[in-house]
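# Observations on the model geometry
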Amino acid sequence: MKTTISLTTLVLITAAVICWASGCSNKKSPSKNKVSYNYDVRPILSDKCFACHGPDKNKQEAGLRLDIEANAKAPLRETKGAFAIVPGKPGASELIKRITSTDPEYQMPSPESHLGLLNKDEIDILTRWIEEGARYEKHWAFIPPQKTALPEIDHKEWVKNEIDYFTVKKMQDHGLAPNEEADKSTLLKRISLDLTGLLPSLEMQRQFEADQSATAYEKAVDRLLASPQFGEKMAIHWLDISRYADSYGYQDDDIRTQWPYRDWVIHAFNNNMPYDQFITWQLAGDLLPDAGKEQLLATAFLRNHKITEEGGVIPEEYRVEYAIDKVKTFSKGILAMTAECAQCHDHKYDPISQKDYYKLFAFFNTSKEQGLEGLVNSGPAKTPVLTLTTDDTKNLLTFINKKDTAGVRVSVMGELDTLRTTYVLNRGVYDQHGEVVTAGALQAVMDFDTTIYSPNRLGLAKWTVSKKNPLTARVFVNQLWTQLFGKGIVKTIGDFGMQGNLPTHPQLLDWLAADFMEHGWNMKYLIKKMLLSATYRQSSKTSPDNLKKDPDNVYYARATRIRLPAEGIRDMVLGSSGLLNKEIGGPSVKPYQPKGLWEAATSGRGALTAYAQDNGQALYRRGIYTFIKLTVPPPSMIIFDASNRDQCEVNRLTTNTPLQALIMMNDPTVLEASRVFAEKLSEKEGNTDMAISTAFESVLCRKPAAREMEILKKYYADQLVLFKNKSAEAEKTMAVGEYPHTGSPANRTKAAALMRVINMIYNMEEAIVKG
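The rules behind each value
Residues numbered from 1 in each chain as written. Predicted model: local features only at pLDDT ≥ 70, side-chain atom pairs only at ≥ 80, totals over all residues. Heavy atoms only, no water. 1 Å grid on protein atoms, 1.4 Å probe; cavity = no way out; pocket = protein on both sides within 12 Å on 5 of 7 lines; lining within 4 Å. Points joined across faces, edges and corners; volume = space filled by probe spheres on them. Helix = DSSP H or I, 4+ residues; strand = E, 2+ residues; numbered from the N terminus. Nonpolar A, V, L, I, M, F, W, Y, C, P; charged D, E, K, R; others polar. Phe/Tyr/Trp six-rings, centres within 6.5 Å; stacked < 30°, edge-to-face > 60°. Buried < 20%, exposed > 50% of the residue type's maximum accessible area, 1.4 Å probe, protein only. Lys NZ or Arg CZ within 6 Å of the ring centre and 35° of its normal. Axes fitted to C-alpha atoms, helices over the stretch in contact; angles between N-to-C directions. Parallel < 35°, antiparallel > 145°, perpendicular 65-115°, else oblique. Left-handed = near helix turned anticlockwise from the far one by under 90°. Contact = heavy atoms within 4.5 Å. Arc of directions from axis to C-beta.

Moving on to empty space enclosed by the protein. Scanning the entire structure with this criterion turns up 7 cavities of 30 Å³ or more. Volume-wise, the largest cavity comes out at about 80 Å³. Leu484, Phe485, Tyr536, Ala559 and Thr560 are the residues nearest the centre of the largest cavity, which is lined by 13 residues in total. At the level of elements, α19 (472-485) and α22 (534-537) are the ones that each hand at least two residues to the lining of the largest cavity. Taken together, the residues of the lining of the largest cavity break down into 6 nonpolar, 4 polar and 3 charged.

If you want it as structure tokens, here you go:
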């Protein structure tokens, strides 16, 4: 029987088939996620549009600001009847018309801007955003952090604490799975380097391996947190922020004695001073009720900047320069805002006007500080300065190393009785006075309510550490995360503004920031929380699949191998060899350095015209105590990317250069440590295999594999033959460093061969990384 189908039925069947093939049904089909202004739209506008249509009023074209909703949706001034953005109607929005145009006279960004055209994905995002209503949001970093509910995840058996819920969720979303926990030897090395900057001793390694209890790892963390070396490790990062150095900078670059401030920072970390107090004392310790010498000493934070000693300068020019440095250090180091961009004009990308900048500048414009400190080698002759006495270190400031303390003068803060008038400086020039302004913090971040906060540095400090401030806790959490995980949740450590990177795990960052404040700004609590997480404890091994999916380890599906900082490499060498002098605090020391560097770069005036190397135990102090002359920083440390300390730095670059390999093979400190270690082992360990194994385990914190041991033994045998055939070479090889020779001359040849082996171990990649 023949079946007939009407045309109408055929059309309906065809439509149904097409609908099925395209995934539609009576039920609404799943759509793309809604476009987020903060995470999708603003990065595009900031990159492509804000240069001409952003906060900088001096650069605004056509009177259009796309960073302010009311302005962006208002009628255009130069195109009658047109609107840049018409919510719900991308086709009627001048923004979409312009970014899709091929006419160079009409398209945006214009060819003259050199910003480049938007790609297809960027156009799609802006089009969808307008279709969805073009909703604006406050910048993510200006919204106070709050705890969100822990996300639903797989791998619940893997998690150790709240951190892991957030990281595993991101892993799941990107087709990744977490790594297994690292072996015990790796974990101990990792936490020891992170918490003390030193390798664990062989004794500690043995104890940890033998402890099979469920709390073995946590006990090790607690022990290291309580170590006096914890403060030294933590202080290195903060000294970069506070631009600590041992000289004034500029042309004469004479010696200065800010080192008691460094002692205070170490003490503050060791005593687990709450972060809000830590910041308050450094910003305004001198303004606290009944402020004592310790609070005053903490304010050296603001006066670690370079200071001129030249007699021919204009004092007011330099005084203004010092205040500008304070603004930069405060805004970058504590708030992660690039406020210095508004010194000469309104910020091009962030909502910081030039007037806002000078309102912040006003807090630091009231100091007694003068532009000229004194003559060469006179020290800080003008107030404010804190002069320390022997009684201070005996009775009050007991944390300060008492060595050479009497008469030491530290540059600190102090306020004028009559406040200076603060002006907006036209083009940022010190004597080009514009509008008069009064002190006020960055309005875009949080309102500076003068009924709550006094218009001085103490008011600024209280504003900074208010739990309502959206930046302070987030920024410090991100800095600590960077130290422990190798990169920040916000990659741009010093820029939480609109040109900075978005957080990879925003809910995690907010949860940690809120939790940090809830627990009284407890720094050791926060660090321990991170270290106890399964995310931190992961192995650094990776599979080809994971490497392909996440080559930069953005989602933390493995631990990151992190090279030790410059100070850490020095400490690793000295500590493992037994040379390390663990004395805490005191004046900086001058270890081995190539001859002639200071002499070639100094004016010939002052106390630092020639490098006077220290001797004895001073040669074996930790890297944090190495003397930093601003115009000629320590060369071996600079080669390993240490901050030169001439300005606030929140994160160091990590480079790989041939010079670094040459340092590890030829630096006197590395060679001396190899020699001393070899001499000790030659006397202590009669068995050469045992000596090599002990050296390997002391440096790499694990036992050597069979193949590694085979290579090292062969290298030792080859070197031994070389030295036996040329006995004079052994003496020459070991004639390095000032530490006295130990052991009998009869063993010198064996010790020289072992020295070469130990130097080889120091040069293994694993020796200078935290895996």
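Reported here for the largest pocket is a volume of approximately 1400 Å³. Lining the largest pocket are 50 residues, and of these Gly486, Ile562, Arg563, Arg652 and Thr654 lie nearest its centre. Among the secondary structure elements, those contributing two or more residues to the lining of the largest pocket are α8 (184-196), α11 (229-241), α19, β5 (562-563), α27 (658-666) and β6 (769-770). The dominant element in the lining of the largest pocket, judged by the number of residues it contributes, is α11, at 4 residues. Looking at the lining of the largest pocket residue by residue, the class counts come to 21 nonpolar, 17 polar and 12 charged. Surrounding the second largest pocket, 27 residues form its lining, Leu199, Pro200, Ser201, Leu202 and Gly575 being those nearest its centre. At the level of elements, α8, α9 (202-210), α10 (216-225), α24 (566-577), α28 (668-684) and α29 (688-700) are the ones that each hand at least two residues to the lining of the second largest pocket. With 5 residues, α24 is the single largest residue contributor to the lining of the second largest pocket. Of the residues assigned to the lining of the second largest pocket, the class counts are 10 nonpolar, 11 polar and 6 charged.

The description of two aromatic rings rests on the distance between their centres and on the angle between their planes. Inspection of every chain in the model, using the stated rule, returns 31 aromatic pairs. Considering the side-chain rings of tyrosine 275 and phenylalanine 476, the 4.0 Å spacing of their centres and the 15° angle between planes classify their relative orientation as stacked. Highlighted residues: tyrosine 275 in helix α13 (residues 275-284) and phenylalanine 476 in helix α19, separated in sequence by 201 residues. Exposure class is identical for tyrosine 275 and phenylalanine 476. Each is buried. Ring-pair connections join several aromatic residues into one group, and the members of that group are Trp238, Tyr261, Trp264, Phe269, Tyr275, Phe278, Trp281, Phe301, Phe476, Phe516 and Trp521. Here the guanidinium or amino end of lysine 147 rests over the ring plane of tryptophan 511, the centre of that ring lying 4.3 Å away. Over the aromatic face of tryptophan 598 sits the side chain of lysine 629, whose NZ or CZ is 5.3 Å from the ring centroid.

Attention shifts here to the packing of α8 against α9. The description of two helices packed together rests on the angle between their axes and the distance between the axes. Where α8 meets α9, the closest approach of the two axes is 10 Å, and the angle between their N-to-C directions is 130°. Between α8 and α9, the angle falls in the class oblique. Pair α8 / α9 crosses with right-handed handedness. Seen from α8, the contacting residues are Lys184, Ser185 and Leu188; seen from α9, they are Met204, Gln205, Phe208 and Glu209. Considered class by class, the residues forming the contact of α8 with α9 number 3 nonpolar, 2 polar and 2 charged.

Let's shift gears to α27. Those residues of α27 that sit buried are Gln660, Ile663 and Met664. Looking straight down α27, one finds that the buried residues subtend no more than 90° of arc, so they occupy a single side. Buried-residue contacts for α27 involve β5, α24, α26 (635-639), α28 and α32 (748-762).

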